[in-house]
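# Structural features, examined
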Amino acid sequence: MVPAQAIYAAVPISVLIAIGFIRKWRSRKWGKCLTDTCLRGKTYLITGANSGIGLETAKALVRRKARVIFACRDIAKAKQAISEIRKEQPTGGEMIPMQLDLSSFESIESFVDVIKTGFHKIDVLINNAGVVVPLKCDEKTKEGFEIHLGVNHLGHFYLTNLLLDQLKRAAPSRIVVVSSTLHEMAKIDFNDLNLRGEIEKAKKGQVKARHNLGYSNSKLMNVYFARALADKLRDTGVDVYTCCPGFCYTNLFRFSVKWYHYLIMLPVALMYMKSAKQGSETIVYCATDYGIEGQTGKFYRDCVEYDSKYPFKKEEEIKLWNISEELVKARKPL
Ligand SMILES: NC(=O)c1ccc[n+]([C@@H]2O[C@H](COP(=O)([O-])OP(=O)(O)OC[C@H]3O[C@@H](n4cnc5c(N)ncnc54)[C@H](OP(=O)(O)O)[C@@H]3O)[C@@H](O)[C@H]2O)c1
């Protein structure tokens, strides 16, 4: 007879082994950047390179000998990340820490001034930084924009436009916009870009906390921005790619997902969630793979082209571009 204790131990062990197998099987589809070309002499600029997917992207580029500018909100975190990478990769590429707060136009402008003084060209700009903040917190940028609109979209919109000369000088060059497939859940209301209505409802507990419309909208704005930019930059040698890293275990959801959510959802998380490194593969692919050169305006996930389910409309794309320009000029919500 098999003792009861052995059966009790066998059940969780078998479940864990089964989850391990499912994860391994699923991860075959998560994609890997197979290009390993030496990037010596190329300058990459990554926003939010000190943490999560941005950090893993930076490591992959440094391993390929690129010069990487870590554009980070907190310069101490950028330096800390660099010193850790340097310990892992003593012979990797050059790493430069720089301060950039995407929630402040003044910070973006000062950052660009320094870049323009120090760097004649930028080969690849990776717009990776992002935030997810519960809407009920009603967080705003320095200029008073709703935080997701301000940081995830407007900050990168302004930064990219200010860096276009540097990118054009490096042609063939690239802009990689890190979005998310959550853009498919977005609903942009041009009369309320700052989500005043939704925020009031969230404060009263009338919206589902799990779906953050501010975040999904900002990720749709990322896609629209990339599509419009790809059109504007056609024939300049600057390619624009959008990508989704997939659902990854990072700091991104720290304000909205509690530790016990992970515990409850552990089996699902183990099967479906990528590590930050696995998530970075598609970004590194978009930033380095010569096979996609010239295929500007496309969306990638798992290192292959992704066909978004969002019904994109050209009028919406143009409207968003024009409003974003107006907002940057006005430096306040209209
Ligand atoms: N994780 C996922 O499942 C997932 C899925 C799809 C798409 N994405 C996208 O992947 C990108 C990276 O996210 P992650 O998961 O790696 O999250 P993360 O670990 O939280 O990294 C986000 C980075 O953005 C920086 N950042 C936040 N606000 C900033 C600001 N105002 N100015 C400059 N930098 C700022 C953060 O700096 P601090 O460290 O100082 O906060 C951090 O370096 C985001 O664009 C996100 O939307 C993530």
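An unreviewed UniProt entry lists the protein under the name Retinol dehydrogenase 12, from Papilio machaon. The annotation that UniProt attaches to the protein under Sequence similarities (unreviewed entry) is "Belongs to the short-chain dehydrogenases/reductases (SDR) family."

## Details of the site of the ligand
Inspection of the region around the ligand gives 30 residues, with Gly48, Gly52, Ala129, Gly130 and Thr250 positioned closest. No other element matches the three residues that helix α2 (residues 52–63) contributes to the shell around the ligand. For the shell around the ligand, the residue count by class is 14 nonpolar, 12 polar and four charged.

## Some remarks on unusual backbone geometry
Of the consecutive residues Ala171 and Pro172, the connecting peptide bond is found in the cis state with omega at 5 degrees. Phi at Asp138 takes a positive value of approximately 50 degrees, unusual for a residue other than glycine. Here Asp138 is to be found in the loop between β4 (124–127) and α5 (147–162). Under the C-beta neighbour-count criterion, Asp138 is labelled partly exposed, with 15 such atoms within 10 Å. Notably, Asp235 is not glycine yet its phi reads approximately 70 degrees, a positive angle. Assessed through the 6 C-beta atoms surrounding it within 10 Å, Asp235 is described here as exposed.

## As for the nonpolar core
Tyr44, Ala49, Val68, Phe70, Ile126 and Val176 are the most contacted members of the largest nonpolar core, which has 77 residues in total. Ranked by the residues each element gives to this core, the list is headed by helix α8 (residues 213–232), at 10 residues. Those residues in contact with Ile126, other than ones at most four positions away along the chain, are Tyr44, Leu45, Ile46, Thr47, Thr57, Val176, Val178, Ile283 and Ala287.

## Side note on helix α1 (residues 4–27)
The end-to-end C-alpha distance of α1 is 35 Å, a good match for the 34 Å that 24 residues give at a rise of 1.5 Å each. Within α1, only zero of the 24 residues are buried, which leaves it mostly out in the open.

## Comments concerning the UniProt feature "transmembrane region" (unreviewed entry) in the protein
Feature annotation in UniProt places "transmembrane region" (unreviewed entry) on residues 6–22, given in this structure's numbering. Structurally, residues 6–22 comprises 100% helix and 0% strand, and the distance from its first C-alpha atom to its last is 24 Å.

## Concerning the environment of Arg331
Looking at where Arg331 falls in the secondary structure, it is placed in the segment after α12 (314–330). For Arg331, a count of 12 C-beta atoms within 10 Å corresponds to the exposed category. Note: C-alpha distance between Arg331 and Met273 (58 residues apart in sequence) is 38 Å. Setting aside residues up to four positions removed in sequence, Arg331 forms contacts with Phe105 and Glu143.

## Quick word on helix α3 (residues 75–88)
With 14 residues, α3 ought to run about 20 Å at 1.5 Å a step, and its terminal C-alpha atoms sit 20 Å apart, in line with that. When α3 is considered as a whole, its buried residues turn out to be Ala78, Ala81, Ile82 and Ile85. Buried residues of α3, viewed axially, fall in a sector of 100 degrees; they line one side. Structural note: α3 exposes Ala76, Ser83 and Lys87 on the side pointing more than 90 degrees away from its buried face.

## Comments concerning the packing of α5 against α12
With their axes 10 Å apart at the nearest point, α5 and α12 run at an angle of 80 degrees to one another. It follows from the interaxial angle that α5 and α12 lie roughly perpendicular. Note on element contacts: α12 touches α5 through Ser324, Leu327 and Val328, opposite Leu154, Phe157 and Tyr158. Residue composition of the contact of α5 with α12, by class: five nonpolar, one polar and no charged.

Parameters at a glance
- Residues numbered from 1 in each chain as written.
- Predicted model: local features only at pLDDT ≥ 70, side-chain atom pairs only at ≥ 80, totals over all residues.
- UniProt positions renumbered as here; feature names shortened; annotations may be inferred.
- Near = placed C-beta within 6 Å.
- Helix = DSSP H or I, 4+ residues; strand = E, 2+ residues; numbered from the N terminus.
- Nonpolar A, V, L, I, M, F, W, Y, C, P; charged D, E, K, R; others polar.
- Buried ≥ 20, exposed ≤ 12 C-beta atoms within 10 Å, placed from the backbone.
- Core = buried A, V, L, I, M, F, W, Y, C linked by C-beta atoms within 7 Å.
- Contact = placed C-beta atoms within 7 Å.
- Expected span 1.5 Å × (residues − 1).
- Arc of directions from axis to C-beta.
- Axes fitted to C-alpha atoms, helices over the stretch in contact; angles between N-to-C directions.
- Parallel < 35°, antiparallel > 145°, perpendicular 65-115°, else oblique.

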